[in-house]
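Coordinate inspection notes
Here are the chains, one letter per residue:
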Amino acid sequence: MALIVKQGEVPRTPHTEFYGQDGSLALEEIHGSKGFSGAFSRKMHLRRYPTVQSRPPKLLKWSLAPRPALRLPLQPFHLRTGALPYRGDYPRSRRVLLHGRTTAISVAKFDRSSPAREFFRNGEAHELLFVQEGRGVLETEYGELPFEPRLYLVVPKGTTLRLKLETPRAFFLVIESSYPIEFPPHYFNPDGQATLMSPVVETEIGLPKLQRPQDVRGDYAVLVKHGGGRLTQITLGHHPFDLVGWEGALYPFSFECSRHHSIAREIHTAPPARQTFQSGSAPHNGFSICTFRGQIEGWHPEDVPAPYAHFNADSDEMMFFSDTSYGARQGVIEPGSITFHPGALPHSPHGDAARRSFAQRGKLSHYLAVMLDTFFEPLEITREGWACAQKDYPLSWAKAEGASGAVLSA
Ligand SMILES: [Fe+2]
């Protein structure tokens, strides 16, 4: 992200003497991506380094490691996550449904705020959270970020966080990547500014608001995810939100779905125009995230607004349906449904979606779905994913065709 932000107090010249409010020497930490070569932020701790542990590290008995499903035949999947129960706080509620070499997709349905002295930190993946339900505050060392439905939260690897609920419960789609998750670089000009044709504008992000540094001693637990989903509890002897200031280009931010300014054209608009984020060096590795929100459908007199069948053999595709208005899957999906279409098979709209879509020509459509396409990275379904799968989904196209009598003729 090219937008460099400064909050609170930092030295004017990097890595020079700097004193906090009470005259104590503030201690500098660089939070970096891609080693010392990617986006980073400079964090100024009030008086203690973030390395001062008051108790020995403890490997927790529970983990967020994906449990691969039993050997299943190749097939498309429909995961009914809307029906899953809410349980506990944010990290404990996470269920990994799909995972690959660098990517993991989970849902978190939680009904408790984080405990007062406990924090979560993903030490092995950058995260993109999509808020399906619930309001509250994402609290991090960078400051507080409010969240509400239809919002993305981008959380860099290594951020220390807790979640405060303001509603009885919340439901997040959680996307993890080993690589940084960012706006697509091709939306930016060589000067680092989103171009005038870009569907996203970097200045429309929501920034965390730094709070007063917590100058408190005591035991504070940080649950760090590492090593493929294991969790180690680190205990700091001081509150981790102790920054007098920070500056840089690596920080958590929010982005409302409605800020993805859709691009329409006379005939069907292909998904890359709906791309909001990416990870890695898409389309060579990592993934692309598209926001399918309402837009003017193609206005050509013979346009087919429904998508085509597609067989993107280098991509596994996950689609999360925030609502059920997506015409191509009408009658199949529920709010919170996830479809997973492995790249080894083509997939298509259901039933007579193509013919029904003629009525949408040139009209504003209304739907909301989030799509993830991996590049050269197959995903696997986990036991938790398979447990909530509609088992006869592979036959749903035949069923939809039978229901609509959709043998298309001119
Ligand atoms: Fe697709």
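Residues numbered from 1 in each chain as written. Predicted model: local features only at pLDDT ≥ 70, side-chain atom pairs only at ≥ 80, totals over all residues.

**Describing the overall build of the protein chain**
Helices and strands together make up the secondary structure of the protein chain, namely 4 helices and 25 strands. Its C-alpha atoms give the protein chain a radius of gyration of 22 Å, near enough to 22 Å, the size a compact globule of 410 residues would have. By principal-axis analysis of the C-alpha atoms, the protein chain measures approximately 80 × 50 × 35 Å. Taking all 410 residues of the protein chain together, 40% fall into the buried category. The contacts of the protein chain with a sequence gap of at least 6 include a subset with a gap of at least 24, amounting to 77%. (Helix = DSSP H or I, 4+ residues; strand = E, 2+ residues; numbered from the N terminus. Rg over C-alpha atoms; globule rule 2.2 N^0.38 Å. Buried ≥ 20, exposed ≤ 12 C-beta atoms within 10 Å, placed from the backbone. Contact = placed C-beta atoms within 7 Å.)

**Observations concerning the sheet that holds strand S5 (residues 77-80)**
In space, the 7 strands of this open sheet follow the order S5-S23-S22-S24-S21-S20-S15, with antiparallel pairing throughout. Single-partner strands in this sheet number two, and they are S5 and strand S15 (181-182). Of the pairings in the sheet, the one linking strand S22 (residues 317-321) to strand S23 (residues 337-341) comprises 5 bridges and is antiparallel in character. Note on S23: the bridge partner recorded for methionine 318 is phenylalanine 340. (Pairing = 2+ DSSP bridges.)

**As for the domain arrangement of the protein chain**
Segmentation of the protein chain into domains returns domain 1 (5-69 + 83-190 + 200-256) and domain 2 (262-392). With 32 residues of domain 1 at the interface, the matching set in domain 2 holds 30 residues. Of the residues in the side of domain 1 that touches domain 2, the class split is 20 nonpolar, 7 polar and 5 charged. (Domains from an automatic or database assignment. Nonpolar A, V, L, I, M, F, W, Y, C, P; charged D, E, K, R; others polar.)

**Here we look at the sheet that holds strand S18 (residues 243-248)**
Strand order in this open sheet of 4 strands is S1-S18-S3-S2, and the pairing throughout is antiparallel. On the outer flanks of this sheet lie strand S1 (5-8) and strand S2 (27-32), each paired with one strand and no other. The average angle at which neighbouring strand axes cross in this sheet is 15 degrees, direction not considered. In the sheet, strand S3 (residues 40-45) pairs with S18 via 5 bridges, with the strands oriented antiparallel. Paired with arginine 42 across the two strands is glutamate 247, which belongs to S18. (Axes fitted to C-alpha atoms, helices over the stretch in contact; angles between N-to-C directions.)

**Brief notes about the nonpolar core**
Soluble globular proteins: nonpolar side chains tend toward being buried together. Residues Leu129, Leu153, Phe172, Phe320 and Ala369 are the most contacted members of the largest nonpolar core, which totals 74 residues. Top contributing element to this core by residue count: strand S14 (residues 170-177), with 6 residues. Each of domain 1 (5-69 + 83-190 + 200-256) and domain 2 (262-392) accounts for three or more of the residues forming this core. Once you skip the residues sitting within four places of it in the chain, phenylalanine 320 turns out to touch Phe130, Leu173, Ile338, Ala369 and Val370. If you look at the next biggest cluster of nonpolar residues, it comprises 12 residues, including Ala26, Tyr142, Trp246 and Leu250. (Core = buried A, V, L, I, M, F, W, Y, C linked by C-beta atoms within 7 Å.)

**What to know about unusual backbone geometry**
The omega angle of the peptide bond from alanine 282 to proline 283 is 5 degrees, so this bond is cis rather than trans. With respect to the helices and strands, the residue proline 283 is situated in the loop between strand S20 (275-279) and strand S21 (287-293). One non-glycine residue, histidine 15, lies in the positive phi region at around 60 degrees. Of note, histidine 15 is situated in the loop between S1 and S2. Classification of histidine 15 by C-beta neighbours within 10 Å gives exposed; the count is 9. At arginine 150, a position not held by glycine, the phi torsion is positive, near 70 degrees. Summarising the element assignment, arginine 150 is placed in the loop between strand S11 (143-147) and strand S12 (151-155).

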